[in-house]
Amino acid sequence: MSVPAQIAVLLALTAEFFDSVPLEKMTDAEHALHEAAADIPVEVRKRLDTADKLSDEDRKTIIEIARKVLEKFQPKPEAKPESKPDAKAEPKHKPNVGPKPEVKTKSDSKPNEFKSESKQEPEQKSKEDTQPKSID
C-alpha cells in the first residue's frame, strides 16, 4: 500500500468515516479509498514522502477526498413512512380518567391525625410497661 493510501486510510479512520460503513462493504470502501489516494494533489503527496509535517490544509484536502469516496458506502437514510392524516394514533398509555385522589401531608393534617397506612391498630402496652418498676 502506498504512503498516500496509508495516510488517507488513517485520516479517514480518525475522522470516523468508516464507522457507519456496513461490514459487507468495508473491503470495497477501503479499496476505493486506496485508488482515490491517487487524487491527492502532487505537492501534498511530495510532502507525504518527506519527513515534513502535514499542514492543516493538507489534512483537510486528504480528509475531503476520503469523505467524498466513502460517502458512497454509507447506508442510505431510511425514509420515514408518511403518516396518514385520517389515521388516529393510539396513545402509548391510557391517560388517568377522573379526579386525582387527595393526598394529605403532615402540614395539612392536625397533630396526631396523620397515621401511616401500615399501622391500622393502635399499639397496646404490655403489663410490664404500665406497672411501676421497683427500685432494688
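Let me sum up the structure you'll find in this document. Just so we're clear, the structure is a prediction, and the values are computed from it rather than from any experiment.

Quick look at the side chain of Gln74
Reasoning step 1: Here Gln74 is to be found in the loop between helix H4 (56–70) and helix H5 (127–130).
Reasoning step 2: On the accessibility criterion, Gln74 (18% relative accessible area) is buried.
Reasoning step 3: Polar side-chain contacts of Gln74 include one of 3.0 Å to the backbone oxygen of Phe17.
Reasoning step 4: With residues up to four places along the chain from it excluded, the contact list for Gln74 reads Phe17, Ser20 and Val21.

Here's the deal with the packing of helix H1 (residues 3–14) against H4
Reasoning step 1: Where H1 contacts H4, the axes come no closer than 9 Å and their chain directions differ by 80°. Comparing their axes, H4 and H1 come out roughly perpendicular. Within the contact between the two elements, H1 uses Ile7, Ala8, Leu11 and Ala12 and H4 uses Arg59, Ile62, Ile63, Ala66 and Leu70.
Reasoning step 2: Here the contact of H1 with H4 is composed, by residue class, of eight nonpolar, no polar and one charged.

Regarding the packing of H1 against helix H2 (residues 26–36)
Reasoning step 1: Where H1 contacts H2, the two axes come as close as 8 Å, and the packing angle between them is 130°. Considering their axes alone, H1 and H2 lie oblique with respect to each other. The crossing of H1 and H2 is right-handed. On H2, the residues that touch Ala5, Ala8, Val9 and Ala12 of H1 are Glu30, Leu33 and His34.

Quick word on the nonpolar core
Among soluble globular proteins, nonpolar side chains are generally buried collectively.
Reasoning step 1: In this structure, Ala12, Phe18, Leu33, Ile62 and Leu70 are the most contacted members of the largest nonpolar core, which totals 23 residues.
Reasoning step 2: Where this core is concerned, the elements lending two or more residues are H1, H2, helix H3 (42–48) and H4.

Thoughts on the side chain of Asp58
Reasoning step 1: Its location among the elements puts Asp58 in helix H4.
Reasoning step 2: Residue Asp58 is classed as buried on the basis of its relative accessible area, which comes to 4%.
Reasoning step 3: If near-sequence neighbours (up to four positions away) are discounted, Asp58 is found in contact with Val44 and Arg47.

With respect to H2
Reasoning step 1: Among all positions of H2, only Ala29, Ala32, Leu33 and Ala36 are buried. Down the axis of H2, the sector holding all buried residues measures 100°, keeping them to one side.

Digging into the pattern of salt bridges
Reasoning step 1: Per the stated rule, a full pass over the model turns up three salt bridges.
Reasoning step 2: Its salt-bridge partner being Glu64, residue Arg67 comes within 2.3 Å of it at the nearest N-O pair. You can see Arg67 and its partner Glu64 sitting in helix H4, three residues apart, about one turn around the helix.
Reasoning step 3: Note on Glu64: relative accessible area 31%, which makes it partly exposed.
Reasoning step 4: Where Glu71 meets Arg67, a salt bridge forms, and the shortest distance between an N and an O atom there is 2.9 Å.

Parameters and conventions
- In this convention, every chain numbers its residues from 1, walking through the sequence in written order.
- Since the coordinates come from a predicted model, pLDDT governs what is reported: local features require at least 70, and pairs of side-chain atoms require 80 or more to be given and counted, while whole-chain, interface and lining totals use all residues.
- With hydrogens and water stripped out, all remaining heavy atoms of the structure feed into the side-chain values.
- Every helix listed is a DSSP run of H or I at least four residues long, and every strand listed is a run of E at least two residues long, numbered separately from the N terminus.
- Only protein chains enter the calculation, and the probe is 1.4 Å; a residue is then buried if its accessible area is under 20% of its type maximum, exposed if over 50%, and partly exposed in between.
- Any pair of nitrogen or oxygen atoms within 3.5 Å is treated as a polar contact; in protein, a donor-acceptor pairing is required on top of that, and neighbouring residues in sequence qualify only through side-chain atoms on both sides.
- The contact rule is simple, with two residues in contact once any of their heavy atoms fall within 4.5 Å.
- Convention adopted: a line fitted to C-alpha atoms gives each axis, helices being fitted over their contacting stretch, and angles between N-to-C directions are expressed from 0 to 180 degrees.
- An angle below 35 degrees is treated as roughly parallel, one above 145 as roughly antiparallel, one from 65 to 115 as roughly perpendicular, and anything else as oblique.
- Lys, Arg, Asp and Glu make up the charged group, whereas Ala, Val, Leu, Ile, Met, Phe, Trp, Tyr, Cys and Pro make up the nonpolar group; the residues left over, Gly among them, are polar.
- For any pair of crossing helices, the crossing counts as left-handed if the nearer helix is rotated counterclockwise from the farther one by less than a right angle, and right-handed if it is rotated clockwise.
- Only buried residues count toward a nonpolar core. Its members are Ala, Val, Leu, Ile, Met, Phe, Trp, Tyr and Cys residues joined through side-chain atoms within 4.5 Å.
- Summarising the geometry, the arc corresponds to the directions from the helix axis toward the C-beta atoms.
- Put simply, a salt bridge is a Lys or Arg side-chain nitrogen that is within 4 Å of an Asp or Glu carboxyl oxygen.

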